[in-house]
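Listed below are the residues making up each chain.
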There are 2 protein chains.
Amino acid sequence: MAASTLAEVAKLAGVSPATASRVLNGSARTPGAGIAERVRAAAASLGYVANAQAQALATSSTGLIGLIVHDIADPYFSAIARGVQDAARERRRMVLLATTDGTPADEKAAVAAFAARRAESIVIAGSRSTHGEDAAANIELAAELDRYCRNGGRVGVVGQPVVGVTETAGYHTVVVPNERLARELAGAVGRDHEGPFIIVAGPQGLVTSDDRVRGIQRGLADAGRPAATIVRAPFGRNGGFEAGVEIARGIRENPGPRPVIFAANDVMAIGVAAALRDNGLRVPRDAALAGFDDIEWLRDFRPALTTATLPLEEIGRLATLGTLNDDAGPATIAGSVTMRRSTGAG
Amino acid sequence: MAASTLAEVAKLAGVSPATASRVLNGSARTPGAGIAERVRAAAASLGYVANAQAQALATSSTGLIGLIVHDIADPYFSAIARGVQDAARERRRMVLLATTDGTPADEKAAVAAFAARRAESIVIAGSRSTHGEDAAANIELAAELDRYCRNGGRVGVVGQPVVGVTETAGYHTVVVPNERLARELAGAVGRDHEGPFIIVAGPQGLVTSDDRVRGIQRGLADAGRPAATIVRAPFGRNGGFEAGVEIARGIRENPGPRPVIFAANDVMAIGVAAALRDNGLRVPRDAALAGFDDIEWLRDFRPALTTATLPLEEIGRLATLGTLNDDAGPATIAGSVTMRRSTGAG
DNA sequence: TAACAACGGGAATGCGCTTTCCCAGTGGCT
DNA sequence: AGCCACTGGGAAAGCGCATTCCCGTTGTTA
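Note that the coordinates shown come from a computational prediction; the quantities given were computed from them, not determined experimentally.

## Quick word on the overall build of chain A
Part 1: The number of helices and strands found in chain A is 12 helices and 12 strands.
Part 2: Relative to the compact-globule value of 20 Å for 346 residues, chain A shows a C-alpha radius of gyration of 26 Å, a clear excess of over 25%.
Part 3: Principal axes of the C-alpha set define a box for chain A whose edges measure 90 × 40 × 30 Å.
Part 4: Counting only contacts in chain A whose residues sit at least 6 apart along the sequence, the fraction spanning at least 24 positions is 75%.
Part 5: Here chain A has roughly 13700 Å² of accessible surface; of this, 51% comes from carbon and sulfur atoms.
Part 6: Across chain A, the 37 positively charged side chains and the 37 negatively charged ones have centroids separated by 5 Å.

Next comes the structure, spelled out in structure tokens:
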């Protein structure tokens, strides 16, 4: 990485480095037209590309935004990533990407790496876990984030506050009303169905999943329906598939009224649907099914999924912009319930 | 971003900055245990986080990898991104992300930004366009990449070489055998179907699309089938949908033997399928359909898509690793044809 | 015991840039 | 004519770190 330097450009143009710097990057002072032209010509002939590291060191501003996701290939996260990337580009920032599989220890490492790079803000997406075994790592993550904020960093949090973070200075949360939407969703579905109800949830302690489970139960209660039984599985497509296999067996062994299955997210719902299909069961004929998130790439799936629509890209944008502006206080996105064929609607 | 500095840590520990540097980053020389302990304690108490910019400046190595994709939310690119991210993490690098919508001008800008940041390598994914209006921008992109390579950068290219790049030094291409796979795919499908055949292609000049179209035509010829007619549309889900609407109209207006539709990629195929369905046509009953890529998130789609399976994540890994090692010469991935229900198989 | 190698620590330099400060020249004003 | 404000350019001081020398100690060997 041995590109030519400002000093070389300056020498070739016959000016001082200070002058070269002033013309090549719009400083407050603008050198005369003739000189500027000479410098620009020299820069072009040498193929000069300013060293952003050196500039960052000199100006103490990097133009970097760190993004932390569980898995960039997961459509939930990649949709958010697009929003983050859009906002970053709009504000002339570059995004640094880190993936962590949701492991608090990895997230801590990612925050440290971003802090070392002096990223101006960090956007952290992905559900936090309150599970016991993660407790220690969560505390360390929170400490790392707090340190980052004390040093002037700003962090954008998607979903719910980071477990263990008490300070609010520097944090900008985009609140996703998981519980409220889940409640509305379950209420709407509950009005049309008698049950029994089943929730395919993620691991206990995963905040997003827990919030949605709680909301669903309340929504069912609102509609005067019995509480749902809960099946837990990993928070992804394959987790949904496992749960779906189990549910299919249950349906075969204990035939009864058509069950209604709420999956904690769309991706799990797709897994459930695949498992039911593999077991000769059809949605919505043999079981109603609802998801959560309304992932864009899954909208062509049939039967179309009843779900809670979240403006994921917008969420990413808001989280990013919130850290760049001085917006005080959390932003709350709306979201809405979308009824489709998988629960018999449409 | 005013974190504490090495000098502060050194002062607090009562040692020189040189010593502090040596203990905090494994240098060749390791200070004595007692001193090391003091330094580490001082660093911890100050919450010291080394400034990666300064380190980069001093060592002239940044540990950064730039990734250029059309759209991070597109599952094709996000799968590749996962591979890149994996490889980067394995090699202790961070990835910088840029999205460009495939616009050569934006890609040039992204390369320049990565060069400024002194990224050690750049991975560029996404089809190049040979279309006339992009010609000038393509030349500039190639020039920017060449300059980057001359300065010691290494670039990993996914798919086909960048248009206009003549040098090979610094470039590491992961060749995707689009034409061969398309030919195999069309040959296999052609054996079971009489036609007529239709190709839903991307815009003319998009290299990946053109390669696949050519391969399909040759595969049909291999099987002794007539050439396919070509419908062009934007290279995404909605483009596929548009084309699907047109094709559905054609089928309605000119009923005849069941047509076979090859989409230039899976995402377009999904769009085609949605359009056919909206028009009361069913796959594979009223039309056979094949895609390309075998996107993971689309595998639960029904009818399951006949397609060419590409190890996208592996492709991302190889492109990244290729730039980091001194692997000479291009890597070629295999890929395979996967026959499923959408063409009547399975 | 003398000479020397090995070791462990610090001073100083430089990475490539921005920016303050300084200085000479110019024009406007009384 | 004399003074001053201003302009446009350069010298130099960092930004935070790694690293090369250099030097005083200690341990080793003949």
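After that view of the structure, there is still more to cover.
## Looking at the protein's contact with DNA strand C
Part 1: Looking at DNA strand C, there are 25 residues lining it, with Leu6(A), Ser21(A), Tyr48(A), Thr19(B) and Arg29(B) nearest.
Part 2: Within 4 Å of the protein, the atoms of DNA strand C are drawn from sugar and phosphate moieties in a proportion of 60%.
Part 3: For the surface near DNA strand C, the secondary structure elements donating two or more residues are helix H2 (17-24) and helix H4 (52-59) of chain A together with helix H2 (17-24) and helix H4 (52-59) of chain B.
Part 4: Among the elements that line the surface near DNA strand C, the one with the most residues is H4(A), at 4 residues.
Part 5: Classifying every residue of the surface near DNA strand C by side-chain character gives 12 nonpolar, 9 polar and 4 charged.

## Regarding the protein's contact with DNA strand D
Part 1: Around DNA strand D sit 25 residues in total, of which Thr19(A), Arg29(A), Leu6(B), Ser21(B) and Tyr48(B) are the nearest.
Part 2: The sugar and phosphate moieties of DNA strand D supply 60% of its atoms located within 4 Å of the protein.
Part 3: Backbone polar atom of Ala54(B) to a base nitrogen of DNA strand D: 3.4 Å apart, as the coordinates give it.
Part 4: At 2.8 Å from a phosphate oxygen of DNA strand D is found a side-chain nitrogen or oxygen belonging to Gln55(B).
Part 5: Mapped onto the surface near DNA strand D, the elements with two or more residues apiece are H2 and H4 of chain A together with H2 and H4 of chain B.
Part 6: Among the residues making up the surface near DNA strand D, the classes are represented as 12 nonpolar, 9 polar and 4 charged.

## A closer look at the side chain of Asp294(B)
All names here are of chain B.
Part 1: With respect to the helices and strands, Asp 294 occurs in the loop between strand S9 (288-290) and strand S10 (307-309).
Part 2: On the basis of relative accessible area, Asp 294 is assigned to the buried category, the value being 5%.
Part 3: Polar contacts involving the side chain of Asp 294 include one to the side chain of Thr 309, which spans 2.9 Å.
Part 4: Apart from the residues lying within four places of it in its own chain, the contact partners of Asp 294 are Asp 266, Arg 299, Thr 307, Ala 308, Thr 309, Leu 310, Thr 338 and Arg 340.

Rules used throughout
Residues numbered from 1 in each chain as written. Chains lettered and ligands numbered in written order. Predicted model: local features only at pLDDT ≥ 70, side-chain atom pairs only at ≥ 80, totals over all residues. Heavy atoms only, no water. Helix = DSSP H or I, 4+ residues; strand = E, 2+ residues; numbered from the N terminus. Rg over C-alpha atoms; globule rule 2.2 N^0.38 Å. Contact = heavy atoms within 4.5 Å. Areas by Shrake-Rupley, 256 points an atom, 1.4 Å probe, with all protein chains shown as cover. Lys, Arg positive; Asp, Glu negative; His and termini not counted. Charge placed at Lys NZ, Arg CZ, Asp CG, Glu CD. Near = heavy atom within 4 Å. Nonpolar A, V, L, I, M, F, W, Y, C, P; charged D, E, K, R; others polar. Polar contact = N/O pair within 3.5 Å; in protein donor to acceptor, adjacent residues only side chain to side chain. Buried < 20%, exposed > 50% of the residue type's maximum accessible area, 1.4 Å probe, protein only.

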